[in-house]
Each structure stands twice: as structure tokens, then as C-alpha cells.
Amino acid sequence: QKEVEQNSGPLSVPEGAIASLNCTYSDRGSQSFFWYRQYSGKSPELIMFIYSNGDKEDGRFTAQLNKASQYVSLLIRDSQPSDSATYLCAVKRNTGNQFYFGTGTSLTVIP
Amino acid sequence: DTEVTQTPKHLVMGMTNKKSLKCEQHMGHRAMYWYKQKAKKPPELMFVYSYEKLSINESVPSRFSPECPNSSLLNLHLHALQPEDSALYLCASSQGLAGLFAQYFGPGTRLTVT
């Protein structure tokens, strides 16, 4: 079983819609969860992190964490064409130095 | 400021060349990372330094040699690379080791081995 799993997509949503990106993880000892956005040919950019169960909102982005279900999601409201990118979910255990990445979900926002 | 810088941005090298990649951060972060990323794949961890000591080496071939001269700098020395080593090489840093710290990436070095 992979440490972190994401649907690879591609996920297509119309402009202005809500994009929902999902991620599951296998280690119940995982403590911190991150969403990165990566444009083609560029490096990953941190957009959200969450540590506690529930929702965390930052502008158009909402991260949701459910530790009981080992599930973390990212919602993008009012999606824009500039949101078209690959979104990487990363998970870190409370001990150790390693971040575990999912394979990423490709999002396309259609004007 | 969450800036990690990397030089050069692009590098083309032959299989017999020796070159180095450089990474720098001035955020006081104590953990620094090297990743390799191929197209349409997630970053693949190569090395982790914590407090300037090598903490993780993910069974990387010896033609890649990391170095951490001080807490702000991380180098990756390259020698006798193969064409399949062509990739985006990413440096990252985080404030600490265990615990709730985010990881920030530099812009990467696009390496082509001819």
C-alpha cells in the first residue's frame, strides 16, 4: 500500500466551479498534511497545510482533514484558469524528517 | 520570507563532466533536502540533512554526492552522470525535523545529461 494516494486525474472543472481534490494516507501516525501546487516545468509551491481535524480556510482554498478516515482534501472555490496545475498532497509523520508525496492530481479549469 | 534559491537554473553536462548544484536559504531552517523529479512524477527524495549532518540517503548512486558546508548552504556534486539522470533537481528546506513544519521548495535546476 502506498503511503499517500491521490487520483491522478485529469480533473476538469468549468471556471467559477468548486474543484475538489482528494488524498488518502496509510500511516495513522501522520501528523501534518500539505498541499502543493505545481505548474508545468516549475517547482512545487506550498498553498495550504493542516494539522488538526476539520476545515482550514485561506482565501479560495479550504483544506479538510479527517484523521479517523485518513483522508485529506483540498477545495478550490471560484476556480480560475490560473488554478490549472498539478496538485501534490504531502504527508509527514510526527517523527522523522521525511515528507511523503502522492502522485499528484492534474486540474484543468476550463474558461 | 520563505525563499530558497538554487543555481544554476539550467545545466547541460556530458557524462564525463563534474558539476555542482547549489542551494541556499536564509530562513534559519535546520533541515534541507534534495529531490529529483521526472516529468509527470512526484518529487523523489534523495538526501536529507538535519543540523548539517546527513540524515537520510535514499540509496542514491555515488555519482551524486551531497554536501552541507553550513546551515544555509546545500550542494549536490555530480560526476559521471547518465542520460537517465536528466531531471528537475529540487532543493527544499524546513524549520525543523520532527513536528509540524512545512517544507519549502526552491525553483529547481533543470539538468540535462548528454
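The structure reproduced in this document is the subject of the present report. The model shown is predicted, which means the values in this text are computed figures rather than measured ones.

Here we take up the pairing of strand E5 (residues 44–50) of chain B. Residues and elements named next belong to chain B. When you tally the buried positions in E5, you get six out of seven residues, the bulk of the element. When strand E4 (residues 31–37) meets E5, the two strands line up antiparallel, connected through six bridges. Counterpart to Ala31 in the pairing with E5 is Ser50. The antiparallel hairpin formed by E4 and E5 contains six residues in its connecting segment, where Lys40 sits at a positive phi of about 65°. Alignment of E5 against strand E6 (residues 53–57), held across four bridges, turns out to be antiparallel. The partner of Val48 across the bridge, within E6, is Ile56. Between the antiparallel neighbours E5 and E6 lie two residues, among them Tyr51 with a positive phi of about 50°.

Our focus in this paragraph is the state of the cysteines. Residue and element names in this part refer to chain A. This structure, assessed with the given rule, holds two disulfides over all chains. Two residues share a disulfide in this structure: Cys23 and Cys89, whose sulfurs sit 2.0 Å from each other. Taking the sign of the S-S torsion, about -70° here, the bridge from Cys23 to Cys89 comes out left-handed. Separated by 66 residues along the polypeptide, Cys23 in strand E3 (residues 19–25) and Cys89 in strand E9 (residues 85–93) bring together distant segments of the chain.

Think of interface size as the accessible area that goes away when the parts come together; that is how it is often given. The interface of chain A with chain B comprises 22 residues on the first partner and 26 residues on the second. For the pair chain A and chain B, the two sides together bury roughly 1800 Å², of which 57% comes from carbon and sulfur. Area buried by chain A at its contact with chain B is led by Asn97(A), Phe99(A) and Phe101(A), which between them contribute 31% of it. Seen at the junction of chain A and chain B, the total is zero salt bridges. At the level of elements, strand E4 (30–38), E9 and strand E10 (99–101) of chain A are the ones that each hand at least two residues to the side of chain A that touches chain B. A per-element tally of the side of chain A that touches chain B places E4(A) first, with five residues. Its residues placed into classes, the side of chain A that touches chain B shows eight nonpolar, twelve polar and two charged.

Next up on the list: the sheet that holds strand E7 (residues 61–66) of chain A. Residues and elements named next belong to chain A. With antiparallel pairing, five strands are arranged side by side in an open sheet as E1-E3-E8-E7-E6. Edge positions in the sheet fall to strand E1 (4–6) and strand E6 (54–58), since each has one partner strand and no second. Between one strand axis and the next, the sheet turns through 20° on average, direction left out of account. Here five bridges tie E6 to E7, and the two strands are oriented antiparallel to one another. Residue pairing across strands places Asp55 opposite Gln64, the latter belonging to E7.

Further remarks concern the environment of Ala17(A). The topology assignment puts Ala17(A) in the loop between strand E2 (11–14) and E3. Residues Ala17(A) and Ile110(A) lie 93 residues apart in sequence; the distance between their C-alpha atoms is 9.8 Å.

All names here are of chain B. If you walk across this open sheet you meet the four strands as E1-E3-E8-E7, and the pairing is antiparallel. Only two strands of the sheet have a single partner each, and these edge strands are strand E1 (4–7) and strand E7 (64–70). On average, each strand axis in the sheet is inclined to that of its neighbour by 20°, with strand direction left out of account. In the sheet, E7 pairs with strand E8 (residues 73–79) via five bridges, with the strands oriented antiparallel. Across the sheet, the residue bridging to Pro66 is Leu76, located in E8.

Residues Trp35(A), Val72(A), Leu74(A), Ile76(A) and Tyr87(A) are the most contacted members of the largest nonpolar core, which totals 24 residues. Only E3, E4, strand E5 (45–50), E7, strand E8 (71–76), E9 and strand E11 (105–110) of chain A provide two or more residues apiece to this core. Ignoring anything within four residues of it in the chain, the contact list for Tyr87(A) reads Gln6(A), Leu21(A), Trp35(A), Tyr36(A), Arg37(A), Ile47(A), Leu74(A), Ile76(A), Gly104(A), Thr105(A) and Leu107(A). Within the second largest apolar cluster, 23 residues are counted, among which are Leu11(B), Met32(B), Tyr49(B) and Leu111(B).

What counts and what doesn't
- Residues numbered from 1 in each chain as written.
- Chains lettered and ligands numbered in written order.
- Predicted model: local features only at pLDDT ≥ 70, side-chain atom pairs only at ≥ 80, totals over all residues.
- Heavy atoms only, no water.
- Buried < 20%, exposed > 50% of the residue type's maximum accessible area, 1.4 Å probe, protein only.
- Helix = DSSP H or I, 4+ residues; strand = E, 2+ residues; numbered from the N terminus.
- Pairing = 2+ DSSP bridges.
- Disulfide = S-S within 2.5 Å.
- Contact = heavy atoms within 4.5 Å.
- Buried area = accessible area lost by both parts, 1.4 Å probe.
- Salt bridge = Lys/Arg side-chain N within 4 Å of Asp/Glu carboxyl O.
- Nonpolar A, V, L, I, M, F, W, Y, C, P; charged D, E, K, R; others polar.
- Axes fitted to C-alpha atoms, helices over the stretch in contact; angles between N-to-C directions.
- Core = buried A, V, L, I, M, F, W, Y, C linked by side-chain atoms within 4.5 Å.

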